[in-house]
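Summary of the model geometry
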Amino acid sequence: MAATVLPVPFERSPGYWANVWRRFRREKLAVFAGCVLLAILLMAIFAPYIAPKDPTFGTMLRRLRPIGTPGFPLGSDELGRDMLSRLIYGARLSLFMGVVPVFIAFFIGSVIGIAAGYIGGAFNMVVMRIIDVFFAFPSVLLAIALSGAMGAGITNGLISLTVVFIPPIARIAESVTTGVRKLDYVEAARASGASAFTVVRTQVLGNVIGPIFVYATSLISVSMILASGLSFLGLGVRPPEPEWGLMLNTLRTAIYVQPWVAALPGLFIFITSIAFNLLSDGLRTALDVKD
Amino acid sequence: MLFYLVKRVLYTLPVAFGVSIVCFMLVHIAPGDPLTSVLPPDASAQLQQEMRRLYGFDRPYYEQFLRWFGRALQGDLGTSIATGRSVTSELVKAMGNTLILAAFATMIGFVLGGLFGFVAGYFRNSFIDRFASLLSVIGVSVPHYWLGMVLVIIFSAQLGWLPATGAGPGGSSDWAWDWAHLKHVVLPAITMSVIPMGIVARTIRALVADILSQEFVGGLRAKGLLDLGVFKHVVKNAAPTALAVMGLQFGYLLGGSILIETVFSWPGTGFLLGNAIFQRDLPLLQGTILVLAMFFVVLNLIVDLVQSAIDPRIQRS
């Protein structure tokens, strides 16, 4: 009998990102949150095709209809505009105002933090003390103070939220970079004569960007709440633009007439914010970031 | 310890100075002149000039800053443009109301958050742990101004149990310790307590789990100590950090109360700040933010010092 030689199965070791993806998939709650966010994103992108009505057109004859009114599945607002359409369109500005400041702050904060951490010395001292000053303000207070001083508007809202998120991101970036900088392989790269920029790009960046990114994603939920909060106060987005925080503000007077219609926009902010939080928790586990 | 104290205080000074520069600059990033909003549009050029001189807006920035800073150190934060009253007197009254609200909220948030966090950390990975974790995620994700609205809808609009706005009967803003006033603080305090609750629960859970995994706990158990005895040791070890979190959250609530105070028309600093923003009352805006931020800075310092006094191992640099 001839022994059959089984071919040894060739196994490629999965790459780093494949491992991350595998670990992420195991976090059921985070995957679910990701799906919810994807749905909200699609809703925002395809709003003109999904929304049954024009979000800015209203008629005073049909104002403040309850949920389930024929033609107004989620009721109508104080100016007789269709709530469902406004909520769908509202996803656009609300997501934009929540996510964009964190991303800009992620870039600026990372550059500041990595530079401070890598260069160290007096430069680090000066930069981090300035960061400390901004840290001395509670984030809500700083956001409201800045946009309050600059006045309402989308751009001013974006600027003030970005300013709020740069210090915490820079602080994390600085602390992880300081940790990595002292490692042997970074020292070796420096000894080889590579320029600071090259060392940061090839040796440092890959090791610090993960933790910074995970931290930044955890801020999106706060940013969503703050951005809508600014609009809720009458700063940030201005009427008649559909935005969840602003809708909540203009519907406040209707809580005695149509309470649940008035509360709807907040529910959307809540769902988005909790989904971002769960997703960020999942990413943290998947990327194995320890804090 | 004394060295640490001096070092920590010295370190706070430049931060406090930086904070006042930021507060001062707020007025100057605003579009237009700080006076344009109060002067009638047809005011003569001469009147505008005179007003500008009166408020000192014609001086160079550094001189304006030094003057403002010097006066602020003496407790004079200028005059409100809208009401003509001194900013300090407006602030003192509002600060009292905000302190009351924030104190109640911190208490509720800390008791509940601490309880959830403790139970979750003690029985890790149990059903209770999961439930508490979920609650804390909800706590940090919920837009608190919306939660306030929902509570008003349920307990004021629908059930009619509690008042929806103000700090006392008839919309009075003077606080008193009786049920008529306490009734008004219930909803805003519960709403506000959600902010620290999630964070406190998370911190305490991690803290308790960490302490329980340390060797000395095993040692205590081996000594034959009952669960209650171990429990006492865990509490003792968790207390300094827990207190620090509580102090910082209290400071955070003082400064971050504006959205909740707006929902409930609670006559505190946040409400004052809202008014200052919409009436473009820049001296009031500047002064309110300065006081709130300084409160936060000083509280940070106190928390640090108290924490290192209780537990000398923690000397944050």
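Remember, it's a predicted structure, so these values are computed and weren't measured experimentally.

What follows is about the overall build of chain B. Looking only at helices and strands, chain B features 12 helices and zero strands. Starting at the N terminus and walking to the C terminus, you meet the elements of chain B as α-α-α-α-α-α-α-α-α-α-α-α. Counting the 317 residues in chain B, one finds 39% classified as buried. Pairs at least 24 residues apart make up 72% of the contacts formed inside chain B by residues separated by at least 6 positions.

Along its length, chain A carries 11 helices and zero strands. Helices and strands appear in chain A in the N-to-C order α-α-α-α-α-α-α-α-α-α-α. Taking 2.2 N^0.38 as the reference for a compact globule, 291 residues should give roughly 19 Å; the C-alpha atoms of chain A span a radius of gyration of 24 Å, well beyond that estimate. A separation of at least 24 residues holds for 71% of the contacts in chain A among residues at least 6 apart in sequence.

Once that is clear, we can look at the interface of chain B and chain A. Between chain B and chain A, the residue contacts involve 40 residues of the former and 35 residues of the latter. Broken down by secondary-structure element, the contributors of at least two residues to the side of chain B that touches chain A are helix 1 (2-29), helix 5 (127-141), helix 6 (144-158), helix 9 (227-255), helix 10 (258-264), helix 11 (269-278) and helix 12 (282-310) of chain B. Looking at the side of chain B that touches chain A residue by residue, the classes come out as 33 nonpolar, seven polar and no charged.

With 154 residues, the main nonpolar core has Ile-144 and Ile-169 of chain A together with Ala-293 of chain B as its most contacted residues. The element contributing the most residues to this core is helix 9 (residues 196-233) of chain A, with 18 residues. Those residues in contact with Ile-169 of chain A that sit more than four places away from it in its chain are Ala-105, Phe-106, Gly-109, Ser-110, Gly-113, Ile-212, Tyr-215 and Ala-216 of chain A.

All names here are of chain A. One way to put it is that helix 6 (residues 139-150) packs onto helix 7 (residues 154-181) with a least axis distance of 9 Å and a crossing angle of 145°. Note that helix 6 runs across helix 7; the crossing there is right-handed. Residue-level contacts link Ser-139, Leu-142, Ala-143, Leu-146, Ser-147 and Met-150 of helix 6 to Asn-156, Gly-157, Ser-160, Leu-161, Val-163 and Val-164 of helix 7. Broken down by class, the residue content of the contact of helix 6 with helix 7 amounts to seven nonpolar, five polar and no charged.

Across chain A, pLDDT averages 84, with 95% of residues at or above 70. The element-level mean pLDDT for chain A is lowest in helix 1 (residues 16-26) of chain A, coming to 81, with helix 4 (residues 83-119) of chain A highest at 91.

The relative placement of two packed helices comes down to the angle between their axes together with the axis-to-axis distance. All names here are of chain A. At a closest axis distance of 8 Å, the pairing of helix 1 and helix 11 (residues 259-286) adopts a crossing angle of 135°. With respect to helix 11, the element helix 1 is oriented oblique. The hand of the helix 1/helix 11 crossing is right-handed. Contacts from Val-20, Arg-23 and Phe-24 in helix 1 reach Gly-282, Leu-283, Thr-285 and Ala-286 in helix 11. Across the contact of helix 1 with helix 11, the residue classes tally to four nonpolar, two polar and one charged.

Let us look at the environment of Ile-172 of chain A. Residues and elements named next belong to chain A. Tracing the backbone shows Ile-172 in helix 7. Looking at Ile-172, the number of C-beta atoms within 10 Å reads 20, which means it is buried. Along the sequence, Ile-172 and Ala-30 sit 142 residues apart, while their C-alpha atoms lie 23 Å from each other. Apart from the residues within four sequence positions on either side, Ile-172 is in contact with Gly-113, Pro-211, Ile-212 and Tyr-215.

Quick look at the confidence of the model for chain B now. In the predicted model, chain B carries a mean pLDDT of 80, and 88% of its residues have values of at least 70. The ipTM assigned to the predicted complex is 0.83, against a pTM of 0.85.

Structurally, Ser-218 of chain A is set in helix 9. For the pair Ser-218 of chain A and Ala-189 of chain A, spaced 29 residues apart in the sequence, the C-alpha separation amounts to 32 Å.

Another aspect to go through is unusual backbone geometry. A cis amide bond, omega 5°, links Pro-239 of chain A with the succeeding residue Pro-240 of chain A. Mapped onto the fold, Pro-240 of chain A is located in the loop between helix 9 and helix 10 (244-250). Of note, the phi angle at Ser-265 of chain B is positive, near 45°, even though the residue is not glycine. Examined against the element boundaries, Ser-265 of chain B turns out to sit in the loop between helix 10 and helix 11. For Ser-265 of chain B, a count of 17 C-beta atoms within 10 Å puts it in the partly exposed group.

Right, let's get into the environment of Arg-171 of chain A. Residue and element names in this part refer to chain A. Mapped onto the fold, Arg-171 is located in helix 7. By C-beta crowding, Arg-171 is classed as buried, having 20 other C-beta atoms within 10 Å. Measuring from C-alpha to C-alpha, the distance between Arg-171 and Ile-114 comes to 9.3 Å, with 57 residues separating the pair along the chain. Apart from residues lying up to four places away in sequence, Arg-171 is in contact with Gly-113 and Ile-131.

Criteria and cut-off values
Residues numbered from 1 in each chain as written. Chains lettered and ligands numbered in written order. Predicted model: local features only at pLDDT ≥ 70, side-chain atom pairs only at ≥ 80, totals over all residues. Helix = DSSP H or I, 4+ residues; strand = E, 2+ residues; numbered from the N terminus. Buried ≥ 20, exposed ≤ 12 C-beta atoms within 10 Å, placed from the backbone. Contact = placed C-beta atoms within 7 Å. Rg over C-alpha atoms; globule rule 2.2 N^0.38 Å. Nonpolar A, V, L, I, M, F, W, Y, C, P; charged D, E, K, R; others polar. Core = buried A, V, L, I, M, F, W, Y, C linked by C-beta atoms within 7 Å. Axes fitted to C-alpha atoms, helices over the stretch in contact; angles between N-to-C directions. Left-handed = near helix turned anticlockwise from the far one by under 90°. pLDDT = per-residue confidence, 0-100. Parallel < 35°, antiparallel > 145°, perpendicular 65-115°, else oblique.

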